[in-house]
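Descriptive structure summary
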Amino acid sequence: MSNSPPPCGKVWLVGAGPGDPDLLTLRAARLVMNAQLIVHDGLVDPAVLSLARSTATLISVAKQRSRHTMQQEEINALLVREALAGRDVVRLKGGDPFIFGRGGEEADACRAAGVPVEVVPGISAAIGAAAAAQMPLTHRNHASIVSFVAGQCKGLRDQDWSGLAGKGRTLVIYMGLATSEAIAEKLIADGLAPEIPVAVIENATRPQMRMLRSSLAGLPALVAAHKVKSPAVIVIGEAAGESERHELRALALEAAL
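My aim in this report is to walk through the structure given alongside it, one point at a time. Counting restarts for each chain: residues are numbered from 1 in the order of the written sequence. Whole-chain, interface and lining totals are the exception, using all residues; otherwise, since this is a predicted model, local features are given only for residues with pLDDT of at least 70 and side-chain atom pairs are given and counted only at 80 or more. Only hydrogens and water are set aside; all other atoms, that is, all heavy atoms of the structure, feed into the side-chain values.

Another point: the overall build of the protein chain. Broken down by element type, the protein chain carries eight helices and twelve strands. Each residue is assigned to one of three classes by its accessible area relative to the maximum for its type, calculated with a 1.4 Å probe on protein chains only: buried under 20%, partly exposed between the two thresholds, exposed over 50%. Buried positions account for 45% of the 257 residues belonging to the protein chain. For this analysis, residues touch if any pair of their heavy atoms sits within 4.5 Å. Long-range pairs, those at least 24 residues apart, make up 68% of the contacts in the protein chain between residues at least 6 apart in sequence. Summed over all atoms, the accessible surface of the protein chain reaches about 13200 Å², with 55% contributed by carbon and sulfur. A run of H or I in DSSP counts as a helix once it spans at least four residues, and a run of E counts as a strand once it spans at least two, with each numbered from the N terminus. The accessible surface values rely on the Shrake-Rupley method and a 1.4 Å probe; as for residues, cover is taken only from the protein chains in view.

To continue, consider the nonpolar core. By size, the foremost hydrophobic cluster in this structure holds 24 residues, and its most contacted members are Ile-173, Leu-187, Val-200, Leu-216 and Ile-236. When residues of this core are traced back to their parent elements, those giving at least two are strand S9 (168-174), helix H6 (180-189), strand S10 (197-202), helix H7 (219-225) and strand S12 (232-236). A total of four residues in this core trace back to one element, the largest contributor, which is H6. Contacts of Leu-216, omitting those with residues within four sequence positions, involve Ala-184, Leu-187, Ile-188, Leu-192, Ala-193, Pro-194, Ile-196, Val-198 and Ile-236. Side-chain atoms within 4.5 Å are what join buried Ala, Val, Leu, Ile, Met, Phe, Trp, Tyr and Cys residues into a set we call a nonpolar core.

Those residues of H6 lying buried are Ser-180, Ala-182, Ile-183, Ala-184, Lys-186 and Leu-187. On the buried face of H6, the contacting elements are S9, H7 and S12. Looking one or two places after H6, you find Gly-191, whose phi comes out positive at around 105°.

A separate point is the sheet that holds strand S7 (residues 117-120). Note on pairing: two strands pair once DSSP finds at least 2 bridges between them. The parallel open sheet is built from five strands, whose spatial order is S3-S2-S6-S1-S7. Either end of the sheet is taken by a strand with one partner, and the two such strands are strand S3 (57-60) and S7. The average undirected angle you get between the axes of adjacent strands in this sheet is 20°. Where strand S2 (residues 37-40) and S3 come together, four bridges link them in parallel fashion. Across the sheet, the residue bridging to Ile-38 is Leu-58, located in S3. A fitted line through C-alpha atoms serves as each axis, taken over the contacting stretch for helices, and the angle formed by two N-to-C directions is quoted from 0 to 180°. Docked against the sheet, helix H3 (residues 72-84) engages strand S1 (11-15), S2, S3 and strand S6 (89-93), running at close to 155° with respect to S6.

The residue Lys-93 is located in strand S6 in this model. On the accessibility criterion, Lys-93 (1% relative accessible area) is buried. Engagement of the side chain of Lys-93 in a polar contact is seen with the backbone oxygen of Gly-101, the distance being 2.7 Å. Leaving out residues up to four positions away in the same chain, Lys-93 has contacts with Val-14, Gly-15, Ala-16, Gly-17, Asp-41, Val-44, Gly-101, Arg-102, Gly-103 and Glu-106. By the criterion applied in these results, polar contacts are pairs of N or O atoms within 3.5 Å in which, for protein atoms, one can donate a hydrogen and the other can accept it, and in which residues neighboring in sequence qualify only through two side-chain atoms.

Strand pairs in the sheet, formed through backbone hydrogen bonds, run parallel or antiparallel to each other. Strand order in the open sheet formed by five strands is S8-S9-S12-S10-S11, with mixed pairing between adjacent strands. Here the strands that pair on one side only, and so sit at the sheet edges, are strand S8 (143-150) and strand S11 (210-215). The average undirected angle you get between the axes of adjacent strands in this sheet is 20°. Pairing analysis gives seven bridges linking S8 to S9, with the strands arranged parallel. Bridging from a neighbouring strand, Ile-145 pairs with Arg-169 of S9. Against the sheet, helix H5 (residues 125-132) touches S8, S9, S10 and S12, its axis set at about 115° to S9.

Written as structure tokens, this is what we have:
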């Protein structure tokens, strides 16, 4: 009788997209539907998880600000442990694994342990939100540069964001609700006009999606007044105002008809 360890399993880091299960890639959908073990984030929409087979084991490692079900090091260890025990693991992450998803850390942990790992990209929150809102993040007439930043991180006030937003640029902020006041103050102090258009897109691509608009100076009050909750992205720049102009033109056309 052999005492050799079981063959090593494999870890797939899979992007679940911005919410709507129809926006999964074909590869991601196949992996979810065939998986026996899924380790998923809290931002993965229940409609995506419902694609899993009834016999699959689902483990939530949901994270919220200052309250984590499992620390990142524990998540890394979980993926490695399950794979070394011979199980294939689908690590399902909201958006794209490599855009503020800490997928790089998980891939590093797998490689360090000798565990095969593959990354399946997903539609990021910014791209999904912009498409759902019909808000082009780049536009020949308005913006040739787009930047993604995390609004919830250590040393936020000390970071240099100068040049990330302004004329010809679009800035998309992930995880910026709790720090919206600091973000507005920071950008205005860096020279950005207080009246520059801002859009907050909550629950993008989901049935309960909301898009709220204000100026940069009014961002903190907007978030507070409407009790905006995660998942949400903040878009700053002329792109945020462009979709509003399209809506106003559409409303005017409807009224004329």
